[in-house]
Protein chains: 2
Amino acid sequence: MEVIKKSTIKKYKNNEFIEVDDELIVEFPFEIFVNDHRLATLMATPKSLKCLAIGYLFSEGLISNDNDINEILLNKNNNAYIYTNDNIDLSCDGTNRIRTTGCGNGTMPRNFISNYNKFIKNNDLKISVELINKMESQLLSDSELFLRTGGVHNTSLWSLKGEKIIFHEDVGRHNTIDKIIGDSILNNISLSDKVLFTSGRISSEMLIKSANAGICILVSRSTVTTIAKEIADKIGLTLIGFARKNRFNVYSDNYKRLI
Amino acid sequence: MEVIKKSTIKKYKNNEFIEVDDELIVEFPFEIFVNDHRLATLMATPKSLKCLAIGYLFSEGLISNDNDINEILLNKNNNAYIYTNDNIDLSCDGTNRIRTTGCGNGTMPRNFISNYNKFIKNNDLKISVELINKMESQLLSDSELFLRTGGVHNTSLWSLKGEKIIFHEDVGRHNTIDKIIGDSILNNISLSDKVLFTSGRISSEMLIKSANAGICILVSRSTVTTIAKEIADKIGLTLIGFARKNRFNVYSDNYKRLI
């Protein structure tokens with residue numbers, strides 16, 4: 001399935017209309033079935049869909065690692081069929097979930113925010129200013145879809161030594177994080193000693209999604225919200241925003257991971 | 001309730017860290033109760049919350065105009081309590097809803113996209129290039145929250161004569177549109193002869209939300225996705241994107257509303 005579609009548009013520029021060929025980012029309804037029960041339909045970019053499905057299941061608390069997964073299939077319509085090793089509870093009470101500001105995964109359990117207490121453990125991690133600048137300078141240039149359409153978010157996972165390990169892009173801000181999480185589960189990559197760099201704004205559920213997956217240092221090109229900062233402070237996550245061209249802001253009280 | 005919170009952050013700039021006072025955009029869990037049944041919790045900016053609640057109910061298909069509303073209350077915690085004149089069906093089957101790429105209102109009925117057929121009627125509307133440029137030049141400067149925090153989306157509603165009628169801002173891209181819709185319902189403003197200008201990307205559900213409310217011309221500072229263009233072409237909505245500094249792109253085949 002194509003991730004970009006050509007389209008003839010009318011461009012207004014220099015006081016005149018011209019007809020030009022343009023490229024639009026494809027958004028499609030990605031259906032996820034778990035044990036033959038339809039779990040969710042995410043609007044997504046049709047790329048790295050197995051990673052997205054697995055990351056989504058993890059973020060929803062339905063699986064915890066690859067041992068829980070028996071099989072993953074994608075059919076020709078790009079629907080995902082996931083079979084787990086054990087039965088899992090797929091009941092979902094809509095009224096107990098919060099609709100988030102975010103992209104892709106629009107809900108989370110209501111008590112997640114006030115009760116969230118997954119404290120960050122790796123307190124001896126250090127990230128250098130050079131790495132923050134390096135991640136920032138590469139994020140958008142790595143994204144072919146962004147350069148061609150301007151219509152996606154991007155997230156990359158880096159080691160603290162400065163190696164880029166995973167990169168994902170999607171129309172949905174959250175989907176990029178779920179794709180990183182799913183990829184790391186499928187390829188047995190630990191997240192707790194790595195740093196996540198995203199183009200997307202860090203609202204509460206972006207932070208919780210990352211912290212649930214073990215991330216201790218989260219950096220964004222964009223801004224952060226008050227709740228994201230409050231949770232970061234509570235659990236000890238290092239939260240950095242507005243990373244752009246040799247500048248950034250450290251929002252969390254936790255400052256000791258920077259060298 | 002404050003919409004901005006002061007916070008001391010560490011700013012890295014010119015190769016050094018300095019401690020500065022910064023402002024963060026407030027995000028809070030906005031609970032909406034309908035006839036004493038909890039309908040949803042939206043992560044939102046605590047501003048224009050009655051508009052948001054009413055617009056959300058409209059977008060969810062639960063009310064169609066202000067005659068359906070008996071009373072709206074906001075309690076001291078900024079929870080909304082809405083009482084309707086008639087009983088409405090508040091049952092919600094989570095598996096039949098799509099989680100969208102968007103902000104605030106994360107789901108929509110699964111069959112909305114393929115079956116969507118709310119054809120646009122006002123075919124004699126004309127929008128001038130000057131108005132598109134005027135709307136663009138004012139959108140961000142109108143947004144105090146954007147200028148102070150960089151953390152919100154904005155949407156404005158304009159008459160075709162060039163009068164700005166409503167403006168709303170929120171951490172959630174979708175919430176800005178729901179606030180416009182709710183405001184128009186509460187103040188008896190018709191949307192079908194107006195134009196909507198938003199800072200947010202137009203994905204499928206942003207387009208459907210606008211079209212449901214009667215909007216015929218939708219303009220964004222950002223990009224559009226393939227499905228949004230397909231639905232716009234199907235229903236006859238005029239869809240314009242990347243409106244920035246005297247430039248824009250017309251994505252919809254419908255081109256006749258431009259003069």
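Whatever comes next refers back to the structure up there.
Residues numbered from 1 in each chain as written. Chains lettered and ligands numbered in written order. Predicted model: local features only at pLDDT ≥ 70, side-chain atom pairs only at ≥ 80, totals over all residues. Heavy atoms only, no water.

Draft legend 1. Broad picture of the side chain of Asp178 of chain B. Mapped onto the secondary structure, Asp178 of chain B falls in helix H5 (residues 173–186). Reaching out from Asp178 of chain B, the side chain makes a polar contact with the side chain of Ser59 of chain B at a distance of 2.6 Å. (Helix = DSSP H or I, 4+ residues; strand = E, 2+ residues; numbered from the N terminus. Polar contact = N/O pair within 3.5 Å; in protein donor to acceptor, adjacent residues only side chain to side chain.)

Draft legend 2. The sheet that holds strand E1 (residues 4–13) of chain B, seen in detail. Read across the sheet, eight strands follow the order E10(A)-E9(A)-E11(A)-E12(A)-E13(A)-E14(A)-E1(B)-E2(B) without closing on themselves; strand pairing throughout is mixed. Two strands in the sheet have a free side with no partner beyond their single neighbour: strand E10 (164–170) of chain A together with strand E2 (16–25) of chain B. For this sheet the average axis-to-axis angle between neighbouring strands, irrespective of direction, equals 25°. Where strand E14 (residues 248–250) of chain A meets E1 of chain B, three bridges bridge the pair, whose relative direction is antiparallel. When the sheet's bridge partners are listed, Phe248 of chain A is paired in E1 of chain B with Tyr12 of chain B. Set on the sheet, helix H5 (residues 173–186) of chain A makes contact with strand E9 (153–159), E10 and strand E11 (194–198) of chain A; between it and E10 of chain A the angle comes to about 140°. (Pairing = 2+ DSSP bridges. Axes fitted to C-alpha atoms, helices over the stretch in contact; angles between N-to-C directions. Contact = heavy atoms within 4.5 Å.)

Draft legend 3. How the structure looks around the packing of helix H6 (residues 204–212) of chain B against helix H7 (residues 226–235) of chain B. Residues and elements named next belong to chain B. Remark: H6 packs on H7, axes separated minimally by 8 Å, with the N-to-C direction vectors making an angle of 30°. Between H6 and H7, the angle falls in the class roughly parallel. Note on packing geometry: the crossing formed by H6 with H7 is right-handed. Between H6, through Ser204, Leu207, Ile208 and Ala211, and H7, the contact on the second element is made entirely by Ile227, Ala228, Ile231, Ala232 and Ile235. Class assignment for the residues of the contact of H6 with H7 results in eight nonpolar, one polar and no charged. (Parallel < 35°, antiparallel > 145°, perpendicular 65-115°, else oblique. Left-handed = near helix turned anticlockwise from the far one by under 90°. Nonpolar A, V, L, I, M, F, W, Y, C, P; charged D, E, K, R; others polar.)

Draft legend 4. How the structure looks around the packing of aromatic side chains. Residue and element names in this part refer to chain B. Taken as a whole and judged by the stated rule, the model has ten aromatic pairs over all chains. Between the aromatic rings of Phe28 and Phe30, the centroid separation amounts to 6.0 Å while the plane-to-plane angle is 40°, which identifies the pairing as tilted. Overall, the relative accessible area of 5% leaves Phe28 in the buried class. When its relative accessible area of 0% is taken as the criterion, Phe30 is described as buried. Look at Phe33 and Tyr81: their rings are 4.7 Å apart centre to centre, the planes differ by 10°, and that puts the pair in the stacked class. Placement of the pair is Phe33 in strand E3 (residues 28–34) and Tyr81 in strand E6 (residues 80–84), with a sequence separation of 48 residues. (Phe/Tyr/Trp six-rings, centres within 6.5 Å; stacked < 30°, edge-to-face > 60°. Buried < 20%, exposed > 50% of the residue type's maximum accessible area, 1.4 Å probe, protein only.)

Draft legend 5. Quick look at unusual backbone geometry. All names here are of chain B. Not every positive phi belongs to a glycine, and Asn14 is a case in point at roughly 50°. Positive phi is not limited to glycine here, since Asn35 has a value of about 50°. Asn35 sits in the partly exposed class, given a relative accessible area of 25%.

Draft legend 6. The arrangement of the sheet that holds strand E9 (residues 153–159) of chain B in detail. Pairing in this open sheet of eight strands is mixed, and the strands run E2(A)-E1(A)-E14(B)-E13(B)-E12(B)-E11(B)-E9(B)-E10(B) from one edge to the other. With one partner strand each, in any of the chains shown, strand E2 (16–25) of chain A together with strand E10 (164–170) of chain B form the two edges of the open sheet. Here the average twist between neighbouring strands, direction ignored, is 25°.

Draft legend 7. Looking closely at the packing of H5 of chain B against H6 of chain B. Residue and element names in this part refer to chain B. Two elements in contact, H5 and H6, have axes separated by 10 Å at closest approach and are oriented at 0°. The angle between the axes of H5 and H6 places the two elements in the roughly parallel class. Residues Arg173, His174, Ile177, Asp178 and Ile181 of H5 form the contact with H6, whose participating residues are Glu205, Met206, Lys209 and Ser210. Of the residues in the contact of H5 with H6, the class split is three nonpolar, two polar and four charged.

Draft legend 8. Seen up close, the pairing of E10 of chain A. All names here are of chain A. Strand direction decides the pairing type here: E9 and E10, joined by six bridges, are antiparallel. Along E10, the bridge assignment pairs Leu157 with Ile166. Counted along the chain from E9 to the antiparallel partner E10, the turn is four residues long, and its residue Gly162 has a positive phi close to 100°.

Coordinates in, geometry out; function isn't part of it.
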